[in-house]
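# Topology and contacts: notes
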Amino acid sequence: MSANDSATALHAAHALLRDNRIADGLQALTVLANQNIVEAMHDLGLVLLMQATDAPDAAHAVQWLRRAEQAGSVDAGYRLAVLSLADAAEALDWQRLAE
């Protein structure tokens, strides 16, 4: 897929999400992410994270963010750092409550 084709497909996936066609948008992002399109990996991770209802869902989202980071996405690296800090802060809060 050419860069222009992937940009068009990514734009279409974003349009589906904006139109609240979440399942269709996720499917489109998944196809693109599986073709190693870095921005699609990042966006898929974010959407999955927003929809996560349990730890396995969140872990699946983080896997996509990690793949995006490993493929060079600075944005994915930032999101992962924020998640890491949030986890650390939550652990500190639980420790304070236990004292």
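What you see is a predicted model; the values in this text were computed from it and never measured.

### A look at helix H4 (residues 55–70)
Taking 1.5 Å per residue as the helical rise, H4 with its 16 residues ought to reach 22 Å, and the 22 Å between its terminal C-alpha atoms agrees with that figure. Within H4, the full set of buried residues consists of Ala 61, Val 62, Trp 64, Leu 65 and Ala 68. All buried residues of H4 project into a common sector of 155 degrees when viewed along the axis, lining one side. For H4, the exposed residues set more than 90 degrees away from the buried face come down to Ala 55, Pro 56 and Gln 70. The N-cap residue of H4 is Asp 54: its side-chain oxygen and the backbone nitrogen of Asp 57 are 2.9 Å apart. Looking one or two residues beyond H4, the residue adopting positive phi is Gly 72, at roughly 110 degrees.

### Thoughts on helix H3 (residues 38–51)
With 14 residues, H3 extends 20 Å between its outermost C-alpha atoms, agreeing within 8% with the 20 Å of an ideal straight helix rising 1.5 Å per residue. The set of residues buried in H3 consists of Ala 40, Met 41, His 42, Asp 43, Leu 44, Gly 45, Leu 46, Val 47 and Leu 48.

### Observations concerning the nonpolar core
Counting residues in each nonpolar core, the largest one holds 21 residues, and the members touching the most others are Leu 29, Ala 33, Ala 40, Leu 44, Leu 48 and Trp 64. Looking at this core, the elements with two or more residues in it are helix H1 (3–18), helix H2 (22–34), H3, H4 and helix H5 (74–98). No other element matches the six residues that H3 contributes to this core. Those residues in contact with Leu 44 that lie beyond four places of it in its chain are Leu 26, Leu 29, Thr 30, Ala 33 and Trp 64.

### Details of the confidence of the model for the chain
Mean pLDDT for the chain: 90, with 88% of residues reaching 70 or above. Mean pLDDT across the elements of the chain ranges from a minimum in H5, with 76, to a maximum in H2, with 98.

### Here we look at the packing of H2 against H3
Where H2 contacts H3, the axes come no closer than 8 Å and their chain directions differ by 145 degrees. In terms of crossing hand, the pair formed by H2 and H3 is left-handed. On the side of H2, the interface is formed by Ile 22, Leu 26, Leu 29, Thr 30, Leu 32 and Ala 33, while H3 contributes Ala 40, Met 41, Asp 43, Leu 44, Val 47, Leu 48 and Gln 51. Partitioned by chemical class, the residues of the contact of H2 with H3 number 10 nonpolar, two polar and one charged.

### Notes on the pattern of salt bridges
Scanning the model with the defined rule gives one salt bridge in all. Arg 21 is paired through a salt bridge with Asp 24; the nearest N and O atoms lie 2.9 Å apart. Judged by its relative accessible area of 44%, Arg 21 falls in the partly exposed class. Taking relative accessible area as the criterion, Asp 24 reaches 32% and is therefore assigned partly exposed.

### Details of the side chain of Asp 43
You can see Asp 43 is positioned in helix H3. One buried charged residue, Asp 43, forms no salt bridge at all, with the nearest opposite charge on Arg 79 at 7.6 Å. Residues within four places of Asp 43 in sequence aside, it is in contact with Leu 10, His 14 and Leu 29.

About the cut-offs
- Per chain, residue numbering runs from 1 following the sequence as it is written.
- pLDDT decides what is reported in this predicted model: residues at 70 or higher carry local features, side-chain atom pairs at 80 or more are listed and counted, and totals for whole chains, interfaces and linings draw on all residues regardless.
- Based on all heavy atoms of the structure, the side-chain values leave hydrogens and waters out of the count.
- Here a helix means four or more residues in a row that DSSP labels H or I, a strand means two or more in a row labelled E, and each is numbered from the N terminus.
- In this analysis, the expected span of each helix is defined as 1.5 Å times one less than the number of residues it contains.
- Buried means the residue's accessible area, taken with a 1.4 Å probe over protein chains only, is under 20% of the maximum for its type, while exposed means over 50%, and partly exposed covers the values in between.
- The directions from the helix axis to the C-beta atoms form the arc being described.
- Think of a polar contact as two N or O atoms within 3.5 Å of one another; within protein, one of them needs to be a possible hydrogen donor and the other a possible acceptor, and neighboring residues in sequence only count if both atoms come from side chains.
- In these notes, a set of buried Ala, Val, Leu, Ile, Met, Phe, Trp, Tyr and Cys residues joined through side-chain atoms within 4.5 Å is what counts as a nonpolar core.
- Throughout, a residue-residue contact means that at least one pair of heavy atoms, one from each residue, lies within 4.5 Å.
- Known as pLDDT, the predictor's per-residue confidence is scaled from 0 to 100.
- Fitted lines through C-alpha atoms give the axes, limited to the stretch in contact for helices. The angle between two N-to-C directions lies from 0 to 180 degrees.
- When the near helix sits turned anticlockwise from the far one by under a right angle, the crossing is termed left-handed; a clockwise turn instead gives a right-handed crossing.
- Gly is put with the polar residues, along with every residue not named as nonpolar or charged; the nonpolar set is Ala, Val, Leu, Ile, Met, Phe, Trp, Tyr, Cys and Pro, and the charged set is Asp, Glu, Lys and Arg.
- One speaks of a salt bridge when a side-chain nitrogen belonging to Lys or Arg is within 4 Å of a carboxyl oxygen belonging to Asp or Glu.
- In this charge count, Lys and Arg are treated as positive and Asp and Glu as negative; neither His nor the chain ends contribute.

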